[in-house]
Amino acid sequence: MYVGKARAYTNIALIKYWGKKDEHLIIPMNSSLSLTLDAFYTETSVYFDETLTEDIFFLDGKKQDPKQTAKISNFLDLVRQQQNLSLFAKVDSRNFVPTAAGLASSASGLAALASACSTALDLQLTETELSRLARRGSGSACRSIFGGFAEWQKGDSDQNSFAQPIPSDKWEEELAMLFVLVDDGVKDISSRDGMKRTVETSSFYSGWLENVEPDLVTAKQAIKEKDFNKLGQVTEANGLRMHGTTLAAVPPFTYWSPESLKVMQLVRAVRKQGLPCYFTMDAGPNVKILVEKKNLAALKNFLADHFSEQQLISAFAGPGIERIPVERSEEL
Ligand code: 2P0
C-alpha cells in the first residue's frame, strides 16, 4: 500500500481564470492572480492498495456516488498513467469550512489530492511540478500550492502552465477577506460549464480577454507598491467584467442573486463613507470583500445591520500546501 496525506487551503482569485484554451490539459485562456486564505481548507488522504477493485471516494465521511467519484478517478488515472501504476485508490477528503456554507472548493480539494498522491508515490516533485499536476485536476488548484499571492501563468503547454508565488514583502499579512454568505445552495451551472459556455458563445468574451492581461499587470504593480486601493479597484473591475461575459452567453446566465447585488451596493456605500474595501465574486452568489485588516472590524460593524454573524466570515492570508503524516489508525 502507498499512502499520502496533505492539507491545502483555498484561494480566491483577484484576477480571474475564466476560460480554457485546452480542456483536456486545462490550459487557460488567460493568466490569473489569487490570494490563498487561511479560513477554508481540505485535508485529503490517498491509499493506493492492491486489495481495491475500484477507486473509492469519501467526502466528509460519506461515500460518494460514481458521478462525484469520476473527477477524482480521472485525476488518479493521470497519476497512474504517468507512474505506470495499476492500483486503485481510496481517497478520504475532509473540507474544513466554518459553516455548512457551500464553500467547499475544488481548488483546495484537488491541490490536496495532488500533493497526497505525490507523497504516497514518493514522486519528489518540485513546487512547480506539483502546481502543474494540481492544474490537471482543477485549474484553480495550481494556485493553492502556494501561500499568499500566487500567479498562474497561462503558458501554452502542459510544461509551462503553472502557478508561482508573487514576491510581496508579506504585505498580504495586512489584508483580510470578508465572506458574505448569501446562499448555501448548490449552483446551477458549475464554473467548468459556465466558462465553457462563455468561451464558446459570449460576444463579450473578447472584451474580457482584451482587459485581463493589463489587469494582471496593474494588480502586480499594486502588490509591489503595497497600494491597497489600486489592488482593490482592479480586483473589483476584473470580477465584474468576468461576470459580464455570462450575460452575453447563449443561453445567458448569471451567478448573481438579488442579495449579491445588495452586498455590492453596501460595499459602494461604505466606501463612500471613507472605508476602502472592494468586492469580488466567483461562480456563485456569495460575495467576498477585500479589506485591510485594520478596517475589518468597522466593515463588519457596518454590515451587521444587514447580515447575521454566521453570514460574515473573516479570512486572512493562508499558507501553501502542507504534507501531513498519516496516523497508523487512519490506514485503510
Ligand atoms: C478563479 N474560478 O480564478 C475562477 C473565477 C471561478 C471563477 O477557477 O474547470 O474549479 O476545474 O479548471 O478551477 C473555478 O474553476 O475549474 C475558478 P476547472 P475551477 O478562481
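Residues numbered from 1 in each chain as written. Predicted model: local features only at pLDDT ≥ 70, side-chain atom pairs only at ≥ 80, totals over all residues. Heavy atoms only, no water.

An unreviewed UniProt entry lists the chain under the name diphosphomevalonate decarboxylase, with Candidatus Enterococcus ikei as the source organism.

Peer 1: What is the right way to read the pairing of strand β7 (residues 88-96) from this model?
Peer 2: In summary, the side chains of a regular strand alternate between the two faces of the sheet. Here nine bridges tie strand β4 (residues 32-49) to β7, and the two strands are oriented antiparallel to one another. Along β7, the bridge assignment pairs Val46 with Val91. Across four bridges, the pairing between strand β5 (residues 56-59) and β7 is parallel. Each bridged residue has a counterpart across the sheet, and for Leu59 the counterpart in β7 is Ser93. (Pairing = 2+ DSSP bridges. Helix = DSSP H or I, 4+ residues; strand = E, 2+ residues; numbered from the N terminus.)

Peer 1: Explain the packing of aromatic side chains to me, please; I cannot follow it from the model alone.
Peer 2: The relation between two aromatic rings is expressed through the spacing of the ring centres and the mutual angle of the planes. What the rule picks out here adds up to eight aromatic pairs. With centroids separated by 5.5 Å and ring planes inclined at 85 degrees, the aromatic side chains of Phe253 and Tyr255 adopt a geometry described as edge-to-face. The same class applies to Phe253 and to Tyr255, which are both buried. Three or more aromatic residues joined by ring pairs form one cluster here, namely Tyr9, Tyr41 and Phe96. The lysine or arginine in question, Lys90, covers the ring of Tyr47, its NZ or CZ lying 5.2 Å from the ring centre. Over the aromatic face of Phe307 sits the side chain of Lys262, whose NZ or CZ is 5.0 Å from the ring centroid. (Phe/Tyr/Trp six-rings, centres within 6.5 Å; stacked < 30°, edge-to-face > 60°. Buried < 20%, exposed > 50% of the residue type's maximum accessible area, 1.4 Å probe, protein only. Lys NZ or Arg CZ within 6 Å of the ring centre and 35° of its normal.)

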